[in-house]
Amino acid sequence: MQLTRRNAILMGAGAILMTGLPLRASAAGEDAIAAFTGGAEVGEGDIKLTAPEIAENGNTVPIEVSSDSATEIMVLALGNPTPPVATFKFGPLAASRSASTRIRLAGTQDVVAIAKLEDGSFVKASTTVKVTIGGCGG
Amino acid sequence: MAEGVKPRVKVPKTASAGEVIVIKTLISHKMESGQRKDGDGNVIPRSIINRFTCDFNGENVVDVTLEPAISTNPYLEFEATVPESGEFKFTWYDDDGSVYEEIKKIAVE
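What you see is a predicted model, and the numbers here were worked out from it, not measured in a lab. (Residues numbered from 1 in each chain as written. Chains lettered and ligands numbered in written order. Predicted model: local features only at pLDDT ≥ 70, side-chain atom pairs only at ≥ 80, totals over all residues. Heavy atoms only, no water.)

**Student:** Kindly report on the packing of aromatic side chains, identifying the contributing residues and their values.
**Tutor:** Scanning the entire structure with this criterion turns up 7 aromatic pairs over all chains. For the ring pair A:F36 and A:F122, a centre distance of 5.8 Å and an interplane angle of 70 degrees mean the geometry is edge-to-face. In this pair, A:F36 sits in helix α2 (residues 27-37) while A:F122 sits in strand β9 (residues 122-133), placing the two residues 86 residues apart along the sequence. Using a relative accessible area of 14% as the deciding quantity, one classes A:F36 as buried. Taking the relative accessible area as the measure of exposure, A:F122 reaches 6% and is therefore buried. A centroid spacing of 4.6 Å and a plane angle of 50 degrees characterise the contact between B:F56 and B:F88, whose relative ring orientation is tilted. A residue pair is termed long-range when its members are at least 10 positions apart, and B:F56 in strand β4 (residues 49-56) and B:F88 in strand β7 (residues 86-94) qualify at 32 residues. Taken as a pair, B:F56 and B:F88 share a single burial class, namely buried. Each member of the aromatic cluster is reached from another via a ring pair, and the members are B:F52, B:F56, B:F78, B:F88, B:F90 and B:W92. (Phe/Tyr/Trp six-rings, centres within 6.5 Å; stacked < 30°, edge-to-face > 60°. Helix = DSSP H or I, 4+ residues; strand = E, 2+ residues; numbered from the N terminus. Buried < 20%, exposed > 50% of the residue type's maximum accessible area, 1.4 Å probe, protein only.)

As structure tokens, then:
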């Protein structure tokens, strides 16, 4: 293909489209959610997920989850090669059902937190994090 | 055992009965995700801390399952209630079977 001005513009536009699109959620993520909830319906409600809107470095993205009545909270990064991130189980001496940690994100994607509440129901929260440099070592 | 693994935990030395304290833990560990390749294109095998627990006098505070998506040098912060004097026991479980432990005493005044 000859590199004409038109082709160069097309290629540039294509490259922008490719990088701009968030990573698609994989079937593995759906499976992990189903394994955690046992297929139960996941509603909205008492759960908070705090993550930065833009993360410059996907290798360490600080996140925080909290939910007043959760017994367990699972965090997933749906665009990662292995979507599960961590599962927090709170024992009798946990003062609050909250925890923070640092995670890796392969690229711009949705981070999801699902909490299992004391009454056995599930709620989820999700937030999109834009990642400038991915954290999976290419 | 993975090299250079060193747990660090921040717990106050004293508290009042029933007080809520913030605990910060960090363990130096490379958390090799199993996704990276070396210079020859071979996949570097996964080697991570896969579980962390914190107990106070035998009662559980948190039990965390860690996956490869946790960053190098896993950092965890959470809150605990201190009903009486005693000790916090922190345990990290490595993929290779090693277990790293750290104990912090706290006095209730």
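Read on for the rest.
**Student:** Requested: an account of unusual backbone geometry, with residues and values cited.
**Tutor:** All names here are of chain B. Unusually for a residue other than glycine, M31 sits at a positive phi of about 50 degrees. With respect to the helices and strands, the residue M31 is situated in the loop between β3 (19-28) and β4. Take M31: its relative accessible area is 0%, and that puts it in the buried class. With a phi angle near 45 degrees, N57 is a residue other than glycine that sits in the positive phi range. Secondary-structure assignment places N57 in the loop between β4 and β5 (59-66).

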